[in-house]
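Coordinates in review
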Amino acid sequence: MAAALANPNRVFQRLLVTEPEHPALLAAKEAGAVIRIEPEIVQRARLDDMLGEDAVHQGVAVLVKALPNLTLEEALERPGPVLVLDQVTDPRNVGAILRSAAAFGAACLVVQDRNAPEETAVLAKAASGALETVPMVREVNLSRAIEALQKGGCWTVGLDAGGGLLDGPSFKGRRVALVLGAEGKGLRRLTRESCDEIAGLYMPGEMESLNVSVAAAVGLYELARERMPSTYQPPATKKPT
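Right, let's walk through the structure included here. Please read all numbers here as calculations on a predicted model, not as lab measurements. (Residues numbered from 1 in each chain as written. Predicted model: local features only at pLDDT ≥ 70, side-chain atom pairs only at ≥ 80, totals over all residues. Heavy atoms only, no water.)

1. Description of unusual backbone geometry
Heads up, the condition is: Only protein chains enter the accessibility calculation, which uses a 1.4 Å probe; a residue whose area is less than 20% of its type maximum is buried, one above 50% is exposed, and one in between is partly exposed.
Phi at Q87 takes a positive value of approximately 60°, unusual for a residue other than glycine. With relative accessibility at 21%, the residue Q87 sits in the partly exposed group.

Next up, the structure:
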């Protein structure tokens, strides 16, 4: 919520709160956000009805327009690796992947438009503010998007079984786009064949697979190993979300 209020690119239509001095508004103001819309005071039960039983609203909700959709070329101007999702439709998984993408400095998240969730309250909640900082690039044809990534200088790696092990340091000097498939189905054949290589995660335990959002986080961490300093002190300005 605070991240959305602080995002100058967000267009707000309504801001609903259950109390005039709601802690979320105070926290946003303390973080430097300018509240650009007058809050409406509503009963909690009304928020429950409006947002649905799956949404966790904590007494505050905003109705916003979707952020402008960057082109793939525009998104690639940002630094960092790229994540590509092949028909991952669960908004909680996509939100969690956005959160990991923000944590590891990914440039963007590429999804197939007709097989990806919209920017709902459930997705935004799982993203914990990352929806405001990591662009979601929606493409009609994922294979063509992968080809465009390759032409844009990315080495595309399908994260799936049947290849070698994902080894972050081996990609030194190359920009990587990680391609992940839906749980159960994995990567579709054409998507898999479009990638430069296929690689899996090192998992010495008894489980053979991971939730797609967990796999994305582990894959991003592996890519970050090559850039990892010998000592690391988290920035003092970072606050838990």
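Still to come is the rest of the account.
2. Some details on the environment of A224
Quick reminder of the rule: Labels follow the DSSP assignment, with helices taken as runs of H or I lasting at least four residues and strands as runs of E lasting at least two, numbered in each case from the N terminus.
One can find A224 in helix α9 (residues 212-224). By relative accessible area, which is 12% here, A224 ends up buried. Taking C-alpha positions, A224 is 25 Å from Q112, a pair spaced 112 residues apart along the chain.

3. A short note on the pattern of salt bridges
The condition is simple: A pair is scored as a salt bridge if a Lys or Arg side-chain nitrogen falls within 4 Å of a carboxyl oxygen belonging to Asp or Glu.
One pass over the full model with this rule turns up eight salt bridges. For the salt bridge of E147 with K151, the shortest nitrogen-to-oxygen distance reads 3.3 Å. Of the two residues, E147 and K151 both sit in helix α7 (residues 142-151), four residues apart, roughly one turn of that helix. For E147, a relative accessible area of 38% puts it in the partly exposed group. Note that R192 and D160 form a salt bridge whose closest N and O atoms lie 2.9 Å from each other. Of this pair, R192 sits in helix α8 (residues 189-194) while D160 sits in strand β7 (residues 154-165), and the two are 32 residues apart along the sequence. On the accessibility criterion, D160 (22% relative accessible area) is partly exposed. Sharing partners across several salt bridges, the network here consists of D167, E222 and R225.

4. Comments concerning the sheet that holds strand β8 (residues 175-181)
Note the threshold: Should DSSP find at least two bridges between two strands, the strands are regarded as paired. Note on geometry: axes are lines fitted to C-alpha atoms, helical ones only across the stretch in contact, with angles between N-to-C directions running from 0 to 180 degrees. The contact rule is simple, with two residues in contact once any of their heavy atoms fall within 4.5 Å.
As summarised here, the arrangement of the six strands in space is β6-β5-β4-β8-β7-β9, forming an open sheet in which the pairing is parallel. Only two strands of the sheet have a single partner each, and these edge strands are β6 (136-139) and β9 (197-200). Across the sheet, the axes of successive neighbouring strands diverge by a mean angle of 35°, strand direction being ignored. Pairing geometry for strand β5 (residues 108-112) and β6, over four bridges, is parallel. By the bridge assignment for β6, Q112 is matched with E139. Across the face of the sheet, helix α5 (residues 91-103) comes into contact with β4 (82-86), β5 and β6 while running at roughly 170° to β4.

5. Some points on the state of the cysteines
The term disulfide refers to a covalent linkage connecting the sulfur atoms of a pair of cysteines. Selection rule: In what follows, a disulfide is any cysteine sulfur pair within 2.5 Å.
Tallying each qualifying case throughout the model produces zero disulfides. Cysteine C108 remains unbridged, with the sulfur of C154 as its closest cysteine sulfur at 7.9 Å. A relative accessible area of 0% places C108 in the buried class. Of all cysteine sulfurs in the structure, the one in C154 sits closest to C195, which takes part in no disulfide; the separation is 12 Å. With a relative accessible area of 10%, C195 lands in the buried category.

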